[in-house]
Amino acid sequence: MNKFYCTRCKNIFEAEGIKKEWIDSLYGPCWKIVAKCPLCNSECDEYRASGSSKKEKTLPSCGCSL
Ligand SMILES: [Zn+2]
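Everything numeric in this text was worked out from a predicted model, so none of it was measured.

K.L.:
Please set out the pairing of strand 3 (residues 18-24) residue by residue, giving values where relevant.
P.N.:
The element strand 3 is barely covered by neighbouring structure, given that only zero of its seven residues are classed as buried. Sheet analysis places strand 3 next to strand 4 (residues 28-36), joined by seven bridges and oriented antiparallel. The residue bridging Lys-19 from the neighbouring strand is Ile-33, located in strand 4. As consecutive antiparallel partners, strand 3 and strand 4 are separated by three residues.

K.L.:
Describe the pairing of strand 4, naming the residues involved and giving the relevant values.
P.N.:
Judged from the three bridges that link them, strand 4 and strand 5 (residues 43-46) form a sheet pairing that is antiparallel. Its bridge partner being in strand 5, Lys-36 is matched across the sheet by Glu-43. Linking two consecutive strands that pair antiparallel, namely strand 4 and strand 5, is a turn of six residues; a positive phi of about 65° is found at Asn-41 within it.

K.L.:
Outline the sheet that holds strand 1 (residues 2-6), supporting the account with residue identities and numerical values.
P.N.:
On the basis of which strands lie adjacent, the open sheet formed by five strands has the order 2-1-5-4-3 and antiparallel pairing. Two strands close off the open sheet at either side, each with one partner strand: strand 2 (11-15) and strand 3. On average, each strand axis in the sheet is inclined to that of its neighbour by 50°, with strand direction left out of account.

Criteria and thresholds
Residues numbered from 1 in each chain as written. Predicted model: local features only at pLDDT ≥ 70, side-chain atom pairs only at ≥ 80, totals over all residues. Buried ≥ 20, exposed ≤ 12 C-beta atoms within 10 Å, placed from the backbone. Helix = DSSP H or I, 4+ residues; strand = E, 2+ residues; numbered from the N terminus. Pairing = 2+ DSSP bridges. Axes fitted to C-alpha atoms, helices over the stretch in contact; angles between N-to-C directions.

Rendered as C-alpha cells:
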C-alpha cells in the first residue's frame, strides 16, 4: 500500500495506486503513481513524507532516463 495526498480534501489515504504513463511535450515519456481519493474521487499524487527540512525543487516526477 502506498500513501497518497488529496490536495482538494487535504486528506492522506492509503491505496494500491496505479501507474499512470503519459508523453510530456517537454520531458518526453513520464510516469507517476496515482490513486483515486475515497472522499472526492479525484486523482491524487503519491504522498511523500519529508521528515527532514530538505528543500525540494518542484520538479515533475518524471521517469525519464538521461
Ligand atoms: Zn479528495
